[in-house]
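Residue-level structural notes
As a plain string of letters, each chain reads:
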Amino acid sequence: MPNASSWSASSPLLLLWEDSSGTRIFLSLLYAVLAISGTLSNVMVIYLVFSFKKLQTTSNAFIVNGCAADLSVCALWMPQEAVLGLLPPNSSSLRSAEYRLLRGGLLGLGLTVSLASHLLVAFNRYVLITKLPSVYQALYQRRHTGCMIGLSWALALLLVPLLPGLWTPGSAQQQPQPPPPRQTEGASRYTALLLALAVLGQTALLLHCYLGIVRRVRGSAKRVSVLNFHLLHQLPFPAAPPPPRRAQRRLSSVSVLLLCCVFLLGTQPLVWVSLLGFFLRPAPPALQAASWLLLCSLSALNPLLYTWRSEEFRRAARSVLPRGEGPAAAPRPAAAA
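Treat the numbers as computed from the prediction; the structure is a model and nothing was measured. (Residues numbered from 1 in each chain as written. Predicted model: local features only at pLDDT ≥ 70, side-chain atom pairs only at ≥ 80, totals over all residues. Heavy atoms only, no water.)

**Here we look at the overall build of the protein**
Worth spelling out the cut-off: To qualify as a helix, a DSSP run of H or I must reach at least 4 residues; to qualify as a strand, a run of E must reach at least 2; elements of each kind are numbered from the N terminus. In this scheme, a residue with accessible area under 20% of its type's maximum is buried, one over 50% is exposed, and one in between is partly exposed, where area comes from a 1.4 Å probe on protein chains only. Residue contacts are defined here by distance: any two heavy atoms, one from each residue, within 4.5 Å place the two residues in contact. Computed by Shrake-Rupley with a 1.4 Å probe, the accessible areas treat only the displayed protein chains as cover when residues are assessed.
When helices and strands are tallied, the protein shows eleven helices and zero strands. For the protein, with 337 residues in total, the buried portion stands at 47%. Nonlocal contacts in the protein, meaning residues at least 24 apart in sequence, comprise 78% of its contacts between residues at least 6 apart. Accessible surface, the protein as shown: approximately 17,500 Å² in total, 68% of it carbon and sulfur.

**What to know about helix α11 (residues 311-320)**
Here is the rule: The arc in question is the one traced by the directions running from the helix axis out to the C-beta atoms.
By the burial criterion, the buried members of α11 are E312, F313, A316 and A317. Seen end-on, α11 carries its buried residues on one side only, within an arc spanning 130 degrees. Tucked inside the fold, the buried residues of α11 contact α1 (21-51), α2 (58-84) and α10 (285-307).

**Considerations on the side chain of D70**
We apply this condition: Only four residue types enter the charge count, namely Lys and Arg as positive and Asp and Glu as negative; His and the chain termini do not. Think of a salt bridge as a Lys or Arg side-chain nitrogen and an Asp or Glu carboxyl oxygen that are within 4 Å of each other.
Residue position: D70 is located in helix α2. R125 provides the closest opposite charge to the buried, unpaired D70, separated from it by 13 Å. Not counting chain neighbours up to four residues away, the residues in contact with D70 comprise N42, A75, S114, S299 and N302.

This is the structure we're talking about:
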């Protein structure tokens with residue numbers, strides 16, 4: 001029976017070498033679907049924001065930053081995993097330590113900046129809704145916004161080289177080689193613990209921001225309606241025409257809670273699997289692989305997560321996407337006098 005030591009990070013799909021070829025092919029197809037859908041959605045959001053002036057807001061700047069990071073995962077990392085999953089385990093591509101390090105770096109860079117962008121968007125919306133307009137304008141000047149985005153990439157570039165095992169779960173040794181020493185195994189456990197604590201802290205801050213927004217909206221729907229900001233269109237709340245106040249509060253709360261639930265579903269399995277492996281015993285390898293797959297799939301869902309409730313994004317998308325107009329859509333002749 002395979003154990004945690006046989007789960008190799010050099011496997012492109014984070015699977016056991018003993019897994020069937022059918023399972024590997026299925027996950028390769030899954031990675032291919034996520035790569036195509038995630039790349040198209042992230043590129044579309046970036047294109048819309050740069051093409052339409054109404055979408056060029058501070059909140060959307062952070063969303064575009066997250067989309068650029070998610071492209072590192074969807075457009076660069078996932079296609080490699082989809083292809084390498086079809087190769088035999090003893091392929092020379094899988095044995096190259098430099099290539100594994102490159103793939104791990106792409107994944108680590110993309111996920112770190114993406115998670116940081118989630119927090120930046122949440123904090124931006126929290127300040128907009130719960131603070132005075134003067135406070136928001138002073139905090140989110142163009143220079144400050146650029147510094148926040150730059151710091152998210154600087155943090156990622158700092159973490160990826162210092163903690164190479166953070167994004168390559170399990171042993172970095174291949175199956176034919178002897179098991180890693182206890183010192184290497186302990187370092188891997190501590191990096192997994194660091195990952196879990198970092199994501200857990202980021203999640204706590206994000207939930208604090210969004211639940212604070214829900215409390216403020218439920219307590220004063222009028223507070224949201226009187227603010228004269230473009231950014232209100234980027235919130236996961238109805239823009240216009242406004243529904244009755246009670247319905248507006250209910251819809252606003254449901255939209256924010258749905259966003260939080262999707263984020264928790266993508267991040268928390270990896271957190272608790274890592275904590276379980278550090279304090280008790282390693283989780284089954286299949287459960288570890290599933291938790292990483294959920295976290296990576298969040299990169300393909302993020303564009304929809306932040307734009308599905310925005311009327312401005314939907315209007316911009318409709319103006320760009322081709323319309324299938326049939327004969328019924330042809331202009332009617334003028335009526336006779």
